[in-house]
Amino acid sequence: MCVVVRFYNVTKIYKNNSVALNNVTLHIKKGEFIFLVGPSGAGKTTLTRLIFREDLPTRGQIVFNGKNVVRLRPGEIPFHRRKIGMVFQDFRLLPQRTIYDNVAFALQVTGASNHWIKKLAPEALKVVGLEGKAKMYPEQLSGGEQQRACIARAIVNNPLLLIADEPTGNLDPGTSRELMKLFQEINGRGTTIIMATHAWDIVDSMKKRVVALSGGKVVRDEESGVYGHGA
Amino acid sequence: MGHSAAGYYFKEAVNSLVRNNWLSLASVGVVTVSLFILGCFLLAAINTSAFINTLESMLEINVFLESNLNKSEINHLKEQLKFLPGVSEVEFVSREKALENMLTSLGNEKDITENLDENPLPDSFRVKTKSVELAPQVAANIYKFNGVSNVIYGQEVVERLLIVTRWIRITSLTSVVVLGLAAVFLISTTIRVSVFSRRKEIGIMKFLGATNWFVRFPFLLEGVVLGFSGALLASIIVYLVYTIIIDKIAVTMPFLPIVGQMDKLAPVYLGLLVLGLLIGAAGSSISVHRFLKV
């Protein structure tokens, strides 16, 4: 079984001496769907930031797709990030660009040719069901649709890993369930997904692997687990 | 990079210029003013050095003779002068000829000589040296000859002119450096504003895996476009102003040796354009490196 992400005894201490991660060892296999749960400040976001190489761990090693993330040279970081799609609670779409252009932008920054952009961007929009709204601007779309656009942008260059940080945090329960179906579909195509969330009902209903963090430590790691109140 | 990237860079740079239109305009203006001044000074320098060259080629030593010399003594002196090391040409100017020359050069003001009872001018020799640098030594040697009352040469004029051109160079260089720095500063401010107005976009580019150069390039291009536009404007204005001045001088002061050939002026215009590019690149590099944490 191929492992996409490995954490070896990773500790992250911020400048104000707060311990965000404390000696975390974790393996994430290719094609897995993992929920990161735990109270605010438990270290969920720090964990995703370290994988994405937005920050370096204080101690320990992180291996992504066979490469040590800690030892990446500055010039290698952009290419590392192209293998990871990011989905945020606040969408982070460019307001002055159309939905199509927002998705195409992800390919543009990698230097893809126009030919590829014209082929891949509509495909990604189709996967998320926004092919009819390509020419609209983010503000003309509902929150759920904006999040779909954000997902299309994250998957358009076919990443190995999709990291979603509270993707349903701003959405109503019905829209959230729709989005979860979409994430499951993307996971079904072989993309590994790490999702940090507080939505316990979704976690409980999906029966996926659950990694619970508390005070920077992994307190629970279960296959087809539940959110677990008081964890 | 594919052609989509090249198109992207250009589009971003132009969008940004339009968005910060007033600041962009001010930056272009300062580049234009500073390079216009530099252009004027460069053309002035080219022309003064051409003027000095002409003067030097005309530089000659005037050897004034005592009034009691007879013809054979004058001829003997002429032979001596001819064999003096460094001398290339010796011409005798009689006092009658000298007066005639003076009257011609005075032109309309020759009335002032009417009060003279007799010709006050002495006989003289016009001595040309093989090079300008030899003139002081040759003049000193001639002064030792019998029958020579005075030796005058135009070196002082040349030296004074050289001092004037040196001052022109110093003041022009100082003002160009000051204005150039102002231009660099203004362009870096413009680019800083663009970086700030697009920081959200820059953040998104970073997490989409854009390389540092991909993020930086549009900003660098923006600065270079600003610098080059200013330089182009300055070159055009300098060209127009200079053409007008040449025409005016050709009519009013035709004896001045004005440099009008394009092969001598082309380096000036080319230099201005290159300098504009460099100013733009310097200004944007400063902001890109200071404010673009990628």
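All of the points below concern the structure found in this document. Here the structure is a predicted model, which is why all the values come from computation and not from measurement. (Residues numbered from 1 in each chain as written. Chains lettered and ligands numbered in written order. Predicted model: local features only at pLDDT ≥ 70, side-chain atom pairs only at ≥ 80, totals over all residues. Heavy atoms only, no water.)

Thoughts on the overall build of chain B
- A tally of regular secondary structure across chain B gives nine helices and four strands.
- The helix and strand sequence of chain B, counted from the amino end, reads α-α-β-α-β-α-β-α-β-α-α-α-α.
- Counting the 294 residues in chain B, one finds 37% classified as buried.
- Of the contacts formed within chain B by residues at least 6 apart in sequence, a portion of 84% connects residues at least 24 apart.
- As displayed, chain B offers around 16700 Å² of accessible surface, 65% of which is attributable to carbon and sulfur atoms. (Helix = DSSP H or I, 4+ residues; strand = E, 2+ residues; numbered from the N terminus. Buried < 20%, exposed > 50% of the residue type's maximum accessible area, 1.4 Å probe, protein only. Contact = heavy atoms within 4.5 Å. Areas by Shrake-Rupley, 256 points an atom, 1.4 Å probe, with all protein chains shown as cover.)

Section: the overall build of chain A
- Looking only at helices and strands, chain A has seven helices and 10 strands in total.
- Across chain A, the fraction of contacts at a sequence separation of at least 24, relative to all contacts at a separation of at least 6, is 67%.
- For chain A, the exposed surface amounts to about 10300 Å²; the carbon and sulfur share of it is 50%.

Quick notes on the interface of chain A and chain B
- Contact residues are listed per partner, giving 24 residues for chain A and 16 residues for chain B.
- Between chain A and chain B the total buried area reaches about 1700 Å² when both faces are included, carbon and sulfur atoms providing 63% of it.
- It is F105, Q108 and V109 of chain A in chain A that bury the most area against chain B; as a group they hold 27% of the surface buried on that side.
- Viewed at the interface, chain B and chain A are joined by one salt bridge.
- A salt bridge links R97 of chain A to E201 of chain B, with the nearest nitrogen and oxygen atoms 3.0 Å apart.
- Summed over the shared surface of chain A and chain B, the result is two residue pairs in polar contact (both at pLDDT 80 or more).
- Within the residue set of the side of chain A that touches chain B, elements represented by two or more residues are α2 (77-81), β6 (84-88), α3 (99-108) and α4 (114-127) of chain A.
- Of the residues that constitute the side of chain A that touches chain B, the class distribution is 13 nonpolar, six polar and five charged. (Buried area = accessible area lost by both parts, 1.4 Å probe. Salt bridge = Lys/Arg side-chain N within 4 Å of Asp/Glu carboxyl O. Polar contact = N/O pair within 3.5 Å; in protein donor to acceptor, adjacent residues only side chain to side chain. Nonpolar A, V, L, I, M, F, W, Y, C, P; charged D, E, K, R; others polar.)

Some points on the pairing of strand β10 (residues 217-222) of chain A
Residues and elements named next belong to chain A.
- In this sheet, β10 lies alongside strand β9 (residues 209-214) in antiparallel orientation, the contact comprising five bridges. Bridge assignment links S214 to a residue of β10, and that residue is K217.
- Adjacent in sequence and paired antiparallel, β9 and β10 are bridged by two residues, among which G215 carries a positive phi angle near 55 degrees. (Pairing = 2+ DSSP bridges.)

Regarding the sheet that holds strand β3 (residues 124-129) of chain B
All names here are of chain B.
- Spatially, β2-β3-β1-β4 is the arrangement adopted by the four strands of the open sheet, whose pairing is antiparallel. If you trace the sheet from one side to the other, it starts and ends with β2 (87-93) and β4 (148-153), each paired once. For this sheet the average axis-to-axis angle between neighbouring strands, irrespective of direction, equals 20 degrees.
- Bridge analysis of strand β1 (residues 61-65) against β4 gives five bridges, and the strand direction is antiparallel. Bridge pairing in β4 links L65 to V148.
- Sheet strands touched by helix α3 (residues 71-82): β1, β2, β3 and β4. Its angle to β2, the strand with the most contacts, is close to 160 degrees. (Axes fitted to C-alpha atoms, helices over the stretch in contact; angles between N-to-C directions.)

A word on the packing of aromatic side chains
Residues and elements named next belong to chain A.
- Counted under the stated rule, the structure contains four aromatic pairs over all chains.
- The ring of F88 carries R92 above its face, with NZ or CZ at 3.9 Å from the centroid.
- Seen from the ring of F105, R97 lies directly overhead, with NZ or CZ sitting 4.5 Å from the centre. (Phe/Tyr/Trp six-rings, centres within 6.5 Å; stacked < 30°, edge-to-face > 60°. Lys NZ or Arg CZ within 6 Å of the ring centre and 35° of its normal.)

Digging into the sheet that holds strand β2 (residues 19-29) of chain A
All names here are of chain A.
- Ordered by their spatial adjacency, four strands build an open sheet running β2-β1-β4-β5, and the pairing between neighbours is antiparallel. In the strand order of this sheet, the two ends are held by β2 and β5 (67-68), each with one partner.
- Note: strand β1 (residues 3-13) against β2, seven bridges, orientation antiparallel. Across the sheet, the residue bridging to K12 is L21, located in β2.
- Strand contacts of helix α1 (residues 44-51): β1, β2 and β4 (59-64), with the helix running at about 120 degrees to β1, the strand carrying the most contacts.

Quick look at the side chain of S287 of chain B
- The topology assignment puts S287 of chain B in helix α9 (residues 262-291).
- Engagement of the side chain of S287 of chain B in a polar contact is seen with the backbone oxygen of S188 of chain B, the distance being 2.4 Å.

Focus on the nonpolar core
- Residues F7, F35, I51, I151 and F183 of chain A are the most contacted members of the largest nonpolar core, which totals 117 residues.
- At nine residues, the largest contribution of residues to this core is made by helix α8 (residues 212-252) of chain B.
- Sequence-distant contacts of I151 of chain A, that is, excluding residues within four places in its chain, are made with V87, V128, L179, L182, F183 and I186 of chain A.
- If you look at the next biggest cluster of nonpolar residues, it comprises 20 residues, including V63, L65, A135 and I142 of chain B. (Core = buried A, V, L, I, M, F, W, Y, C linked by side-chain atoms within 4.5 Å.)

Quick look at empty space enclosed by the protein
- Considering all chains together, one arrives at one cavity of 30 Å³ or more under this definition.
- Lining the largest cavity we find R81, R82, I84, G85, M86, A106, R153, A154 and N157 of chain A together with F207 and L208 of chain B.
- Looking at the lining of the largest cavity, the elements with two or more residues in it are β6 and α5 (143-155) of chain A.
- Sorting elements by how many residues they give to the lining of the largest cavity places β6 of chain A first, with three residues. (1 Å grid on protein atoms, 1.4 Å probe; cavity = no way out; pocket = protein on both sides within 12 Å on 5 of 7 lines; lining within 4 Å. Points joined across faces, edges and corners; volume = space filled by probe spheres on them.)

Section: the environment of L179 of chain A
Residues and elements named next belong to chain A.
- Locating L179 in the fold gives a position in helix α6 (residues 173-188).
- A C-alpha to C-alpha distance of 9.5 Å links L179 and I151, two positions 28 residues apart in sequence.
- Every residue in contact with L179, bar those within four places of it in the chain, is listed here: G144, Q147, R148, I151, P167 and L171.

Observations concerning the environment of N170 of chain A
Residues and elements named next belong to chain A.
- Examined against the element boundaries, N170 turns out to sit in the loop between β7 (161-165) and α6.
- Each C-alpha atom of the pair N170 and D90 lies 7.6 Å from the other, and the pair is 80 residues apart in sequence.
- Beyond its immediate sequence surroundings of up to four residues, N170 is in contact with Q89 and D90.
- Polar side-chain contacts of N170 include one of 3.3 Å to the backbone oxygen of Q89.

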